[in-house]
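Chain by chain, the residues run as shown.
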Amino acid sequence: MTSGSNRPDAGLGERLRELDALETPGNGELIDRMFAEMKARCDRSDHSIRGFLRSRSTLARRLIVLGVFSMLAIVGWFAFPLVDDQARTMQWTASLVTFSVLLLIAMFMVTRPVHLPALPHWQSVCLVCIALGASVVAAFWPSGAAEAATQAPTGSIMAGVCMGAGLLLGIPVYALLRLVDRGNALGSIVAAAAAGLAGNFVLKAHCSVPGTSHELLGHASVAVLFVVGLGLVHRFVPGK
Amino acid sequence: MVNSSPQSKPTDEELMDAYVDGDEAAFRLLFERYAPILLRLTRRHLRDEELAEEIVQQTFFRLHGARNDFQRGSKLRPWIMTIAMNLVREHWRRSKRRKMTSLETETQAAQEADFMPLELRQRSELLHVALEKLPTSQREVVELHWFQERPYAEVAEIVGTSEGAVRVRAHRAYATLKQLLVLEIRGDE
């Protein structure tokens, strides 16, 4: 292929020019009306928390999110008892690190500047699938002591409590990520996955109820419910 | 074709800098400069007047939101074009209307072009249909490279790929367009 072949030939070029000439640019009246509507929308947005957060620079938005996440993590870490020493295995640590890394990636995706080409959809879908997969895999990694008590009847009962707590913990994460999102495609689903990860992180760090079934029902389900629930909302409630 | 502006006119970047510093009039001037360009772009892609206007407004709304990311010394045009192209692409993904040729929008487009000779309108219609048959990735390149007259490097920056890939897309797009229009072009000769 030569460089010259990248340009249309004379015949095609002429047609393209004709098409371009046919497109009438906006007249003054139209431009005035469009500007007035757009400016009113900007002004309304500037007076909302959402508009305020979205108009911060990308660095500032990321620092805000990181700051809030760190604050919640530190307060939670010290305010509530962690799982006992026996349960703090390599798998436990690996699960927490994985959740944190995925949460960080989700945050970077959601706060991506809009003047950069949009990320391909498969990347967002991939992150969501990995987040769900990690939540499920982490449920199959309970500690040795926990495995011994897998059949404990309290596990299933407590699953509802953990699920509720996880969902409640995930809501502020989802809300924050939606507030700083300037309109990335699939940002809602990525934020939902992040909320699920945050819920799983806290439950993994603090929940001492043993058993795979408990973790599947009470922990992994948080991520699944966030993604499926908000995915359905996203699918059937058309965005503006 | 590169537009040469009189020296007295502030550049896009100067206007954007002024806007970031709080000069509302600069935003208005930027809108006046870019809205007609973007309207042409979106009308060509969407063939829906209302939607085209909405996307142009949304582009500036997003520019307004992202203004604090604008760094002095960087070029504004690729920013605006990228935001607009992202929105158009997202629209296609959402509505999946790519292959749908709505009678309503065709009528709308035809109404706008009523003042044009019938033959020209027919040719334009042919070209519109041919453009719609191109994959989105190729159409974007034709739009930016031919209609917006942006160099390949800038097109690559806007669509988020390498310059080589953009050249390949352009080559394929022009070859396909030529193939689609060959009968019409021959007939004209």
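Not measured: the values here are computed from a predicted model.

It is worth spelling out the overall build of chain B at this point. Per the secondary structure count, chain B includes nine helices and zero strands. Each helix and strand of chain B, placed in order from N terminus to C terminus, yields the pattern α-α-α-α-α-α-α-α-α. Across the 189 residues in chain B, those meeting the buried criterion constitute 40%. Summarising the internal contacts of chain B: among those between residues at least 6 apart in sequence, 59% fall at separations of at least 24.

Turning next to the domain arrangement of chain B. Residue and element names in this part refer to chain B. Domain annotation of chain B identifies domain 1 (9-105) and domain 2 (113-189). The interface is formed by 10 residues belonging to domain 1 together with 11 residues belonging to domain 2. For the side of domain 1 that touches domain 2, the secondary-structure elements that each account for two or more residues are α2 (24-46) and α4 (77-95). No other element matches the six residues that α4 contributes to the side of domain 1 that touches domain 2. Across the side of domain 1 that touches domain 2, the residue classes break down as five nonpolar, two polar and three charged.

Our next topic: the packing of helix α9 (residues 187-206) of chain A against helix α10 (residues 212-236) of chain A. Residue and element names in this part refer to chain A. Two numbers describe how α9 lies on α10: the axes approach to 8 Å, and their chain directions differ by 165 degrees. Relative to α10, the element α9 lies roughly antiparallel. Both α9 and α10 take part in a crossing whose hand is right-handed. Counting all contacts with α9, which are made through S188, I189, A192, A193, A195, G196, L197, G199, N200, L203 and K204, the residues of α10 involved are G218, H219, V222, A223, F226, V227, L230, G231 and H234. Among the residues forming the contact of α9 with α10, the class breakdown is 11 nonpolar, eight polar and one charged.

In this section: the confidence of the model for chain A. Looking at chain A, the pLDDT average stands at 82 and 80% of residues meet or exceed 70. Under a pLDDT of 50 for its full length, residues 1-5 of chain A has, in the predicted model, two contacts with residues more than four places off or in other chains.

A few words now on α2(B). Side chains three or four residues apart in an α-helix point the same way, a direct result of the helix having 3.6 residues per turn. The sharpest bend along α2(B) measures roughly 35 degrees and falls at Y34(B), with the proline P36(B) sitting one to four residues further on. Where α2(B) terminates, the next one or two residues include R47(B), which has phi positive at roughly 55 degrees.

A word on the nonpolar core. One finds I80(B), A84(B), V141(B) and V155(B) to be the most contacted residues of the largest nonpolar core, which totals 49 residues. Looking at this core, the element that brings in the most residues is α2(B), giving nine residues. When residues of this core are assigned to domains, at least three map to each of domain 1 (9-105) and domain 2 (113-189) of chain B. Non-local contacts of V141(B), meaning those with residues more than four positions away in its chain, are made with V155(B), V159(B), V166(B), R169(B), A170(B) and A173(B). Ranked by size, the runner-up nonpolar core spans 42 residues in total, among them A138(A), I189(A), A198(A) and F226(A).

Turning our attention to the packing of helix α6 (residues 121-139) of chain A against α10(A). All names here are of chain A. Relative to each other, α6 and α10 sit at 165 degrees, their axes nearing to 8 Å. Here α10 runs roughly antiparallel to α6, going by the angle between their axes. Between α6 and α10 the crossing geometry is right-handed. Between α6, through V128, A131, L132, S135, V136 and A139, and α10, the contact on the second element is made entirely by T212, E215, L216, H219, A220, A223, V224 and V227. Within the contact of α6 with α10, the residues separate by chemical class into 10 nonpolar, three polar and one charged.

All names here are of chain A. Its 22 residues give helix α4 (residues 58-79) an end-to-end C-alpha distance of 31 Å, which sits within 8% of 32 Å, the value for a rise of 1.5 Å per residue. When we look at burial in α4, the residues that qualify are R61, V65 and F69. Buried residues along α4 cover an arc of 60 degrees about the axis, so they all sit on one side. In α4, the exposed residues that point more than 90 degrees away from the buried face are L59, G67, S70, M71, I74, V75, W77, F78 and A79.

Attention now goes to the environment of S100(A). All names here are of chain A. Mapped onto the secondary structure, S100 falls in helix α5 (residues 90-110). Looking at S100, the number of C-beta atoms within 10 Å reads 15, which means it is partly exposed. Measuring from C-alpha to C-alpha, the distance between S100 and A198 comes to 8.0 Å, with 98 residues separating the pair along the chain.

This part takes up the environment of R41(A). Within the secondary structure, R41(A) is located in helix α2 (residues 28-46). Taking the C-alpha atoms as reference points, R41(A) and L103(A), 62 residues apart in sequence, are found 32 Å from one another.

Residue and element names in this part refer to chain A. With phi around 60 degrees, L186 is a residue other than glycine that occupies positive phi space. Looking at where L186 falls in the secondary structure, it is placed in the loop between α8 (154-180) and α9. C-beta crowding within 10 Å serves as the criterion here: with 23 such atoms nearby, L186 is assigned to the buried category.

Moving on, we come to the confidence of the model for chain B. Note that predicted coordinates carrying low pLDDT should not be read in detail. All names here are of chain B. Overall, the prediction assigns chain B a mean pLDDT of 78, with 77% of residues at 70 or greater. In the model of chain B, helix α5 (residues 103-112) stands out as the element of lowest mean pLDDT, 46, in contrast to helix α3 (residues 49-65), which has the highest, 92. Residue range residues 97-113 is modelled with pLDDT below 50. Its contacts to residues more than four positions away, or to other chains, number 13 contacts.

Calculation notes
- Residues numbered from 1 in each chain as written.
- Chains lettered and ligands numbered in written order.
- Predicted model: local features only at pLDDT ≥ 70, side-chain atom pairs only at ≥ 80, totals over all residues.
- Helix = DSSP H or I, 4+ residues; strand = E, 2+ residues; numbered from the N terminus.
- Buried ≥ 20, exposed ≤ 12 C-beta atoms within 10 Å, placed from the backbone.
- Contact = placed C-beta atoms within 7 Å.
- Domains from an automatic or database assignment.
- Nonpolar A, V, L, I, M, F, W, Y, C, P; charged D, E, K, R; others polar.
- Axes fitted to C-alpha atoms, helices over the stretch in contact; angles between N-to-C directions.
- Parallel < 35°, antiparallel > 145°, perpendicular 65-115°, else oblique.
- Left-handed = near helix turned anticlockwise from the far one by under 90°.
- pLDDT = per-residue confidence, 0-100.
- Bend = angle between axes of the 7 residues up to and from the residue.
- Core = buried A, V, L, I, M, F, W, Y, C linked by C-beta atoms within 7 Å.
- Expected span 1.5 Å × (residues − 1).
- Arc of directions from axis to C-beta.

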